[in-house]
Amino acid sequence: IERSQVMNARNIVQLADFGAPVHSGNAAEIVRFLDAFEAANVSLLAPRRCSERMGWVGSDTFLYGRTSIGAPVDVVENDANRKLISGVGVGGSWVEWAKIIDTHVKHRPLVMLGIYTSVASLLLHVLDQPGFVVEWSGMTSRGKTTTLRVAASVYGIPDDKGDGMIYSWKARSVASFMYSAFVLQNFPLILDDTKRQPNHEVIASMMYDHPSGQDSNRGTADGKMRPTNRWRSILMSTGEAPITSFSRDGGGRARCLSLRGAPFGDESTENQGSTNDVRDGLLKNYGHLGQRVIEYLILNKEAWKRLRDQYDAALDALTKGATDAVSCRLYEYVATIAVAARLCHELGVPADQEEALRVMCSYIEEG
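These notes cover the structure that comes with them.

Cut-offs applied
- Residues numbered from 1 in each chain as written.
- Predicted model: local features only at pLDDT ≥ 70, side-chain atom pairs only at ≥ 80, totals over all residues.
- Heavy atoms only, no water.
- Axes fitted to C-alpha atoms, helices over the stretch in contact; angles between N-to-C directions.
- Helix = DSSP H or I, 4+ residues; strand = E, 2+ residues; numbered from the N terminus.
- Parallel < 35°, antiparallel > 145°, perpendicular 65-115°, else oblique.
- Contact = heavy atoms within 4.5 Å.
- Nonpolar A, V, L, I, M, F, W, Y, C, P; charged D, E, K, R; others polar.
- Phe/Tyr/Trp six-rings, centres within 6.5 Å; stacked < 30°, edge-to-face > 60°.
- Buried < 20%, exposed > 50% of the residue type's maximum accessible area, 1.4 Å probe, protein only.
- Lys NZ or Arg CZ within 6 Å of the ring centre and 35° of its normal.
- Polar contact = N/O pair within 3.5 Å; in protein donor to acceptor, adjacent residues only side chain to side chain.
- Pairing = 2+ DSSP bridges.
- Core = buried A, V, L, I, M, F, W, Y, C linked by side-chain atoms within 4.5 Å.
- Left-handed = near helix turned anticlockwise from the far one by under 90°.
- Salt bridge = Lys/Arg side-chain N within 4 Å of Asp/Glu carboxyl O.

### Comments concerning the packing of helix H5 (residues 94–105) against helix H6 (residues 109–127)
Two numbers describe how H5 lies on H6: the axes approach to 10 Å, and their chain directions differ by 150 degrees. Accordingly, the angle class assigned to the pair H5 and H6 is roughly antiparallel. Contacts between H5 and H6 pair Trp97, Ile101 and Val105 from the former with Val111, Met112 and Ile115 from the latter. Of the residues in the contact of H5 with H6, the class split is 6 nonpolar, no polar and no charged.

In structure tokens:
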């Protein structure tokens, strides 16, 4: 709890809801006791860094679920953020995860783009770039959700039920999505199946508001302003219809990389078997690539400049063929993903990164 709560007789009474032995008759006395206790023991009370959200804490530490990579930081959990935090972590082995990618994923560019985009989300902080949206749209039962499972497996449990990292578009407000983005911070916000969201204005708002990296200003009951929640991440989405179709404003196209088609091909028995094998395998093996990337970035701070130089070079090469302002904006996102792809393969991810990036660029060129 905030220190201001225990140093105010009026506020400390609220702790009675949690079983604290405080009431209006003894509140002032308890505040005086706690103040004296703090004064007597201040030299013995070691300060600890703590955070109610995950992601980068400065440039030397990253909160990976409940694990602090870098300097020690405690995660402060509550009823609102606990499920989000529980979805991030490590299970199984890197070898088994890489084997799944090598066998079922590396020859599918649209699926590999899920891995690259997922890693690109945490690189936004390193490259000092804004967030954006990447979506996979097309007919049902073609592997879109499985692609999100692959993307989620970079950091944690690749499931859309229970405590996994995949969330549904269904029956959630913009405010709840924004809070999720704040807690996830640099992890991607992964939302499956736009047709499950009955309010199309929610989808349109998220397409605009999430890349901005902050929620709207909100007031408190006593007339004050709440602190603005901020984040820097990528929104990853699937749906039968392109996410840009939910907004009448043409500006949405400049915020979204739209990937259309079937990530796992047709509904053949072979492809259905692949999606099942990927799902089952990833539920046992996940979280290792994200941990590798973060540990590399923390232990090799000199690499940050190299990654920024790679971004500049990639953007220069991509924008030579750009014909309009929207394409130039979209190529900025592609350049971020290109840096992430290169880093993935430096750290051992099997695949042809250039093919995946060519596919992504082709969608921009086709409009």
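### Considerations on the packing of aromatic side chains
Using the criterion set out here, one finds 11 aromatic pairs in the structure. Pairing tryptophan 56 with tryptophan 304 gives two aromatic rings, centres 5.5 Å apart and planes at 70 degrees, and the pair type is edge-to-face. In this pair, tryptophan 56 is assigned in strand E2 (residues 55–57) and tryptophan 304 in helix H12 (residues 303–319), connecting sequence segments 248 residues apart. Under the relative-accessibility criterion, tryptophan 304 is labelled buried at 6%. With centroids separated by 4.3 Å and ring planes inclined at 10 degrees, the aromatic side chains of phenylalanine 132 and tyrosine 333 adopt a geometry described as stacked. You can see phenylalanine 132 sitting in the loop between H6 and strand E6 (133–137) and its partner tyrosine 333 sitting in helix H13 (residues 325–346), a full 201 residues away along the chain. With a relative accessible area of 5%, tyrosine 333 lands in the buried category. The positively charged end of arginine 292 is found above the aromatic ring belonging to tryptophan 94, 3.8 Å away from the centroid. The ring of tryptophan 304 is capped by lysine 301, whose NZ or CZ atom sits 4.9 Å from the centre of that ring.

### A short note on the side chain of asparagine 285
Inspection of the secondary structure puts asparagine 285 in the loop between helix H10 (269–282) and helix H11 (288–299). Looking at asparagine 285, the relative accessible area reads 10%, which means it is buried. There is a polar contact of 3.0 Å between the side chain of asparagine 285 and the backbone oxygen of glycine 281. Contacts of asparagine 285, omitting those with residues within four sequence positions, involve Gly91, Gly92, Ser93, Glu96, Trp97 and Ile100.

### A few points about the pairing of strand E4 (residues 67–70)
Bridge analysis of strand E3 (residues 61–64) against E4 gives 4 bridges, and the strand direction is antiparallel. Among the inter-strand pairings, phenylalanine 62 is bridged to a residue of E4, identified as isoleucine 69. Two successive antiparallel strands, E3 and E4, enclose a turn made up of 2 residues, where glycine 65 displays a positive phi of approximately 65 degrees.

### Describing the sheet that holds strand E8 (residues 189–192)
With parallel pairing, 5 strands are arranged side by side in an open sheet as E7-E8-E9-E6-E10. Strand pairing shows two members of the sheet lacking a second neighbour, strand E7 (166–168) and strand E10 (256–260), which therefore form its edges. Pairs of neighbouring strands in the sheet enclose a mean axial angle of 25 degrees, with direction left out of account. Contacting E6, strand E9 (235–239) and E10, H6 crosses the sheet at an angle of about 160 degrees to E6.

### Thoughts on the nonpolar core
Counting residues in hydrophobic clusters, the biggest one holds 104 residues, and the most contacted among them are Ile115, Leu123, Leu257, Leu289 and Ile337. The greatest single-element share of this core, amounting to 13 residues, is contributed by H6. Excluding anything up to four places from it in sequence, leucine 123 contacts Leu297, Leu307, Val339, Ala340 and Leu343. Val6, Leu15, Ala27 and Val31 belong to the second-largest nonpolar core, a separate cluster that totals 6 residues.

### With respect to the pairing of E3
Of the two faces of E3, the one lined by Thr61 and Leu63 and the one lined by Phe62 and Tyr64 are each fully buried. Where E2 meets E3, 3 bridges bridge the pair, whose relative direction is antiparallel. Following the sheet pairing, tryptophan 56 is matched in E3 by phenylalanine 62. Between the antiparallel neighbours E2 and E3 lie 3 residues, among them glycine 58 with a positive phi of about 70 degrees.

### Details of the packing of H6 against H11
Look at H6 against H11: their axes get within 11 Å of each other, and the N-to-C directions meet at 25 degrees. Accordingly, the angle class assigned to the pair H6 and H11 is roughly parallel. Classified by chirality, the crossing of H11 by H6 is right-handed. For the pair H6 and H11, the contacting residues are Ile115, Val119, Leu122, Leu123 and Val126 in the first and Leu289, Val293, Ile294 and Leu297 in the second. Of the residues in the contact of H6 with H11, the class split is 9 nonpolar, no polar and no charged.

### Some points on the pattern of salt bridges
Tallying each qualifying case throughout the model produces 17 salt bridges. The salt bridge involving aspartate 102 is made with lysine 106; its shortest N-O contact spans 2.7 Å. Exposure remark for lysine 106: the relative accessible area of 36% places this residue in the partly exposed category. With a closest N to O distance of 2.9 Å, arginine 358 and glutamate 355 form a salt bridge. Of this pair, arginine 358 and glutamate 355 both sit in helix H14 (residues 353–366), 3 residues apart, roughly one helical turn. On the basis of relative accessibility, which here comes to 31%, the residue glutamate 355 falls in the partly exposed class. Each of the salt bridges in this network shares a partner with another, and the network as a whole consists of Arg66, Glu77, Asp79 and Arg82.

This is a description of form; function is not addressed.
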